[in-house]
Amino acid sequence: MTDTEQAGYVSTVDGVLQITIATAANGTSMDFGGIVAGTAALRSLSSEVGAVLLTGTGANFCAGGNVRGFAAASDRAAHIYGLATDLHHFVRALDATTVPVVVGVHGWAAGAGMSLVCAADIALGGPSTKLRPAYPGIGLSPDGGMSWTLPRIVGLGRAREILLTDAVLDAEEAVRLGILSRLVADEEVQAEALKLARTLATGPRSTYTSIKTLLAQSASSALTDQLDRERDAIAAAADSATGREGVDAFVAKRKPKYT
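Residues numbered from 1 in each chain as written. Predicted model: local features only at pLDDT ≥ 70, side-chain atom pairs only at ≥ 80, totals over all residues. Heavy atoms only, no water.

1. Considering the overall build of the protein chain
Here's step 1: Summing up its helical and strand segments, the protein chain has 12 helices and nine strands in all.
Here's step 2: Taken over the C-alpha trace, the protein chain has a radius of gyration of 19 Å; the compact-globule value for 259 residues is 18 Å, and the two agree within 12%.
Here's step 3: Projecting the C-alpha coordinates of the protein chain onto the three principal axes gives extents of approximately 65 × 45 × 35 Å.
Here's step 4: Across the 259 residues in the protein chain, those meeting the buried criterion constitute 42%.
Here's step 5: For the protein chain, contacts bridging at least 24 residues in sequence account for 69% of all contacts bridging at least 6. (Helix = DSSP H or I, 4+ residues; strand = E, 2+ residues; numbered from the N terminus. Rg over C-alpha atoms; globule rule 2.2 N^0.38 Å. Buried < 20%, exposed > 50% of the residue type's maximum accessible area, 1.4 Å probe, protein only. Contact = heavy atoms within 4.5 Å.)

2. Some remarks on the pattern of salt bridges
Where charged atoms from two side chains of opposite charge come close, those side chains can pair.
Here's step 1: Enumeration over the complete set of coordinates arrives at 10 salt bridges.
Here's step 2: The salt bridge involving Asp228 is made with Arg231; its shortest N-O contact spans 3.5 Å. Residue Asp228 and its partner Arg231 are both found in helix 11 (residues 223-238); the two are separated by three residues, about one turn of the helix.
Here's step 3: Under the relative-accessibility criterion, Asp228 is labelled partly exposed at 34%.
Here's step 4: The exposure class of Arg231 is partly exposed, given its relative accessible area of 49%.
Here's step 5: Ionic pairing is found between Arg231 and Asp232, a salt bridge with its closest N-O pair at 3.0 Å. (Salt bridge = Lys/Arg side-chain N within 4 Å of Asp/Glu carboxyl O.)

3. What about the pairing of strand 3 (residues 51-56)?
Here's step 1: Across the six residues that make up strand 3, a large majority, six, are buried.
Here's step 2: With burial as the criterion, each face of strand 3 is covered, one bearing Ala51, Leu53 and Thr55 and the other bearing Val52, Leu54 and Gly56.
Here's step 3: Where strand 2 (residues 16-22) meets strand 3, six bridges bridge the pair, whose relative direction is parallel. Looking at strand 3, one finds that Leu17 is bridged to Val52.
Here's step 4: A crossover links strand 2 with its parallel partner strand 3, the connecting element being helix 2 (residues 32-43), and its sense is right-handed.
Here's step 5: Summarising the sheet, strand 3 and strand 4 (residues 101-105) pair through three bridges and their orientation is parallel. What sits directly across from Leu54, in strand 4, is Val103. (Pairing = 2+ DSSP bridges. Right-handed = clockwise from strand over helix to strand, strands pointing away.)

4. Topic: the sheet that holds strand 9 (residues 182-183)
Here's step 1: Taking strand neighbours across the sheet as the criterion, the six strands line up as 1-2-3-4-6-9 in an open arrangement whose pairing is mixed. Pairing within the sheet leaves two strands with one partner each, and these edge strands are strand 1 (10-13) and strand 9.
Here's step 2: In this sheet, strand 2 lies alongside strand 1 in antiparallel orientation, the contact comprising four bridges. Bridge pairing in strand 2 places Thr12 opposite Leu17.

5. A closer look at the nonpolar core
Here is a general trend for soluble globular proteins: nonpolar side chains tend to be buried in one another's company.
Here's step 1: In this structure, Leu54, Leu116, Val117, Leu150 and Ile179 are the most contacted members of the largest nonpolar core, which totals 49 residues.
Here's step 2: Here this core takes six residues from helix 4 (residues 76-96), the largest share from any one element.
Here's step 3: Other than its neighbours up to four places away in sequence, Ile179 contacts Met114, Val117, Cys118, Ala123, Leu131, Leu150, Ile153, Val154, Leu169 and Ala174.
Here's step 4: Core analysis: the second largest hydrophobic core is formed by 12 residues, Leu53, Ala193, Leu196 and Ala197 among them. (Core = buried A, V, L, I, M, F, W, Y, C linked by side-chain atoms within 4.5 Å.)

6. Looking at unusual backbone geometry
Here's step 1: Located in the positive-phi region is Asp14, a residue other than glycine, with phi close to 55 degrees.
Here's step 2: Residue Asp14 is classed as exposed on the basis of its relative accessible area, which comes to 53%.
Here's step 3: Unusually for a residue other than glycine, Lys253 sits at a positive phi of about 55 degrees.
Here's step 4: Position of Lys253 among the secondary structure elements: in the segment after helix 12 (241-252).

As structure tokens, this is what we get:
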């Protein structure tokens, strides 16, 4: 990644690409230095990377956009258009990533921060975690893909209610709705998210790719077509190095060694 790992916003350790999307600056609002650096890192993902971890380094995962920055812009429409463009490059790069994407959501995930939670494969939170769309509160509409991801997670009717009422979701409700995968102790959110990402990075990467591809295709696929895709994918996996190692390890009653 070079350039001192994009000015400290991205790093790769133990097969995990960590991307900092918010910092303590500007009240833990989204840091576009991290967003732009993260996009570049995702687009040039090396074979060393087996998982992606999104994190915030301040008191919150991400409190959303820098509203004071919005207000100070001489041309607010152009300013926000540029920010949304950069954010959406990042979301597209996340969506195209074949390895698992994990987030550790400590504190608040609001606005575009909540959008990134919805864009992840697995999201961990703590009892104090809260999520909020936050767009109606400042008279703006969603970005970061929330109008697409949220209905697919919670259903269209519930998504309408959450977005239109600018609902604050506590941690237990977010788990019940499927936005957060599970809860850990508040002080362990970031450590547990990193642990999970490291575990995934040592797993069967081609299997994860197949899972993510099949899930993405299922949204617009008829069952009969999806069954054909599943048959073809599992047959190809059976003759791959990963599939052979997994099956042989099971029969030998040993832990598989994926490379």
